[in-house]
Amino acid sequence: MWRPSGIFNKSYIEDRAVIRTRAQWTALVVFLAAIIFFPFFFSNQYILSVIILTIITIISLQGLNFILGFTGQISVGHSAFMAIGAYATTILMTRLHFPFLLSFPCAGLCAALVGMIFGLPSLRIKGFYLALATLAAQYLIHWYLLHGGNLTGHLFGLSVPRAGIGSFVLTSDRTYFLFAMFMLLLMSYFAKNIERSKVGRAFIAVRDNDLAAEIMGINIFKYKLSAFFIGSFYAGIAGAMWAHYLLRIHPDHFSLMDSIWYLGFLVVGGLGSAMGPIFGAIVYMGLKELVSMITPFLGSLFPGISTNIFSGLALIIYSLVVMVFLLFEPRGINRQFGLFKAYYRLWPFAY
Amino acid sequence: MGKGEKPWAVGILGIVLFLIILTLGSPVSAKEVKLGVFGDVTGPIAFTAQQFWKGYSDYFKWVEKHDPIPGVTVNILMEDTGYDPKRYLPVLKKFETAGISAGYIMGTMGTMTMNDELRRLKIPCVSEGSGFPPAIEPPGYIFLLRPLYPDVLTAGCIHFMDLWKKAGHKEKPKVITITWDTPYGRAHIELGEPWAAKYGFEVLPAQLFAGQPSDLSTQLLRAKSLGADLVFSNILEGHFAVLLKDAKRLGLQGKMQFCGGSECRGAEVVKLAGDAAEGGWSVNHFADWSEAKNKGIQLGMQMQKEFRGGVDYQTQYLMGVIPARITAEAIRYAAKTFGPDNINSEAIYKALTTMQKIDMLGLTPDASFSPTERRPFKYLNVSKCVNGVWVKEKYGIEVPWLKPGAK
């Protein structure tokens, strides 16, 4: 770990601190102030909306990062776990009249429990076979939500109440942005700390070599299930945030394609790192917007080929980006970011 | 200035000249009305949506050139939404910021995702998304452009039952759904199948398929083993072509009738399925390219020649003209009633809910909405493919109103 010259840790508390220097604290305070005031000075609803959806995607990817990045277990059902969170918060609020403050964490817990159940096969199988088991989760959950009768809203999905505490309801994008940002900071803080804790190290040990980890006394049964529990909890929270933002949920909002792209863009961001999900989600949502902007333009420029090529341009570009990263930078943007930071800290010296 | 000259007269003359120049130099500025198009021009319904867009944009070009709305210029903003739920809300926010007065939604996913937010923002949108009945019950800001998908099934069943009885059959006919596993594809099942059972059909378990299939033998063989008489599919042209081709290969044509929804009557079906398209049905609410004397069809041809350089007989092109026509007529009505300067989302909403029997130039029956009604077409047609052309089989079938939640 590179540190600025003259920074020495004198206690374990200092050694464990995420934020170490006065400059870092200043940067954090400035960042938090910027976040709080940002929506009040920035009135572009479109950008705000894209940022909110990006934050939701980041939280979802943070969950997947626990399962895949830290513990090395493949999950192709992550989007379905988001659906569980979305439906859970809606049903709890509309049927059981839970307040939002209670239904929201419960949504995460419901998704965590379902995720843990579908994670059970990970104790016996891994790799491709585990991918198939979690694929089953995606299909089973989707099927149930479509055929769950009045509870899940038949084919038409459910209308979702707005999030709020008491009489304070998150009606505008500005307030929802602040809520989403608060959740992002909270979930990132937990993610970072879990990564540095005994649990996080056990996850990494299981990922690197589960047999060796077991010999060293790590209960892989416990930690594999814990990874699914925590990862699906994050997915559930992201799903609940999605539901309260869109105010309408449907099983098709949580598709298999989303699960697959989450995997792909987690690789792009950087597996097994705290920053990876952030980079991955920003690239994913940024590309989505970019492609949507250029496609109609290209379509009008080359009308003869618009139907054949441009209609699938998004898929082509996403796939290319994932392939390029797998070939040339399998450790993702996070590694390049690390190299940049190291270079910046030493600058102007070469080494 | 010399004696006898009148400086005030020069001043007045100057002012008059200034006013004349001002009047001549600045033509009366037309009110700009912005429309937002949620274009699913990429993604799973791209082919269909691109045709919608061509028809929609061409019609407004035609209006501007040949039949302008007095005092109004229409500015169409189109964003690619890709049938992706993550795209609709940001695009809606973008349009809201841009100040659109009305919109056009191309699919069920968009209608479903934005319905509640459109009610909140009070922006009226005409929509192709008939697969989501809660959008119009209770009536809100979505104005459907086509029959609800359960209506499409009911029209097919009513026509089939007539033929079944005329043929002297006493037993219940069996209907099976083979459809796309999407909100659009499944949209008729929830309300339509219970109705079909009450109407006298034996309803067999629906057979779903995912993605873009190249073979539907499994679903067809299941239909065969269950003894289906009527196969109903709310699918797109490419899917219907595959279904008809496989049915012919399996020797099922003549043993059961194949009936598709609104998207199944098109040139692509004939092009892709060839001879297998013969005898296929499509339930729809709009005219066909083969109706040469139809004013709407003539207009469609004229627009394509003018703006596209030639006629491409795509059904969805005509379907794109329908929302454009309704919207343009609503703007025209609003301009006349409230004045061009007062056209906004509220004025267009009022126009849409007040206007009765909008002249659709024969493309569809005259369309009417009301404060409590968002379903403009209650009479549907069945077309049949004969010698590679879609022709009238039965027109004007009155369909029941299947309210969401009422089974």
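Structure first, text after, so check above.
Residues numbered from 1 in each chain as written. Chains lettered and ligands numbered in written order. Predicted model: local features only at pLDDT ≥ 70, side-chain atom pairs only at ≥ 80, totals over all residues. Heavy atoms only, no water.

Right, let's get into the packing of aromatic side chains. For the structure on display, the rule yields 36 aromatic pairs over all chains. Judged by centre distance (6.1 Å) and plane angle (40°), the rings of B:F160 and B:F201 are tilted. A residue pair is termed long-range when its members are at least 10 positions apart, and B:F160 in helix α5 (residues 149–166) and B:F201 in the loop between α7 (189–199) and β7 (202–203) qualify at 41 residues. Given a relative accessible area of 2%, B:F201 falls into the buried group. Through a chain of ring-to-ring contacts, the aromatic side chains of B:W53, B:Y56, B:Y59, B:F60, B:W62 and B:Y104 assemble into a single cluster. Between the NZ or CZ atom of B:K94 and the centre of the ring of A:Y46, over which it lies, the distance is 4.1 Å. (Phe/Tyr/Trp six-rings, centres within 6.5 Å; stacked < 30°, edge-to-face > 60°. Helix = DSSP H or I, 4+ residues; strand = E, 2+ residues; numbered from the N terminus. Buried < 20%, exposed > 50% of the residue type's maximum accessible area, 1.4 Å probe, protein only. Lys NZ or Arg CZ within 6 Å of the ring centre and 35° of its normal.)

Turning our eyes to something else, we now look at the interface of chain A and chain B. On the side of chain B, 36 residues touch chain A, which itself brings 35 residues to the contact. Summed over both sides, the interface between chain A and chain B buries roughly 3200 Å², with carbon and sulfur atoms accounting for 60% of that surface. Considering only the side of chain A, the residues that lose the most area to chain B are A:Y46, A:L155 and A:F156, jointly responsible for 20% of the buried surface there. Counting the contacts that link chain A with chain B gives six salt bridges. Between the two partners, chain A and chain B, sit nine residue pairs in polar contact (both at pLDDT 80 or more). Contributions of two or more residues to the side of chain A that touches chain B are made by α3 (45–70), α10 (220–246), α11 (256–269) and α12 (276–301) of chain A. Of all the elements, α12(A) adds the most residues to the side of chain A that touches chain B, at seven residues. (Contact = heavy atoms within 4.5 Å. Buried area = accessible area lost by both parts, 1.4 Å probe. Salt bridge = Lys/Arg side-chain N within 4 Å of Asp/Glu carboxyl O. Polar contact = N/O pair within 3.5 Å; in protein donor to acceptor, adjacent residues only side chain to side chain.)

With that out of the way, let us pick up the pairing of strand β1 (residues 31–39) of chain B. Residues and elements named next belong to chain B. Where β1 lies against strand β2 (residues 72–80), nine bridges are found, and the strand directions are parallel. Its bridge partner being in β2, V37 is matched across the sheet by M78. Traced from β1 through helix α2 (residues 46–66) to β2, the parallel crossover comes out right-handed. The sheet contact formed by β1 and strand β3 (residues 102–105) spans four bridges and is parallel. From the neighbouring strand, G36 faces β3, where its bridge partner is G103. (Pairing = 2+ DSSP bridges. Right-handed = clockwise from strand over helix to strand, strands pointing away.)

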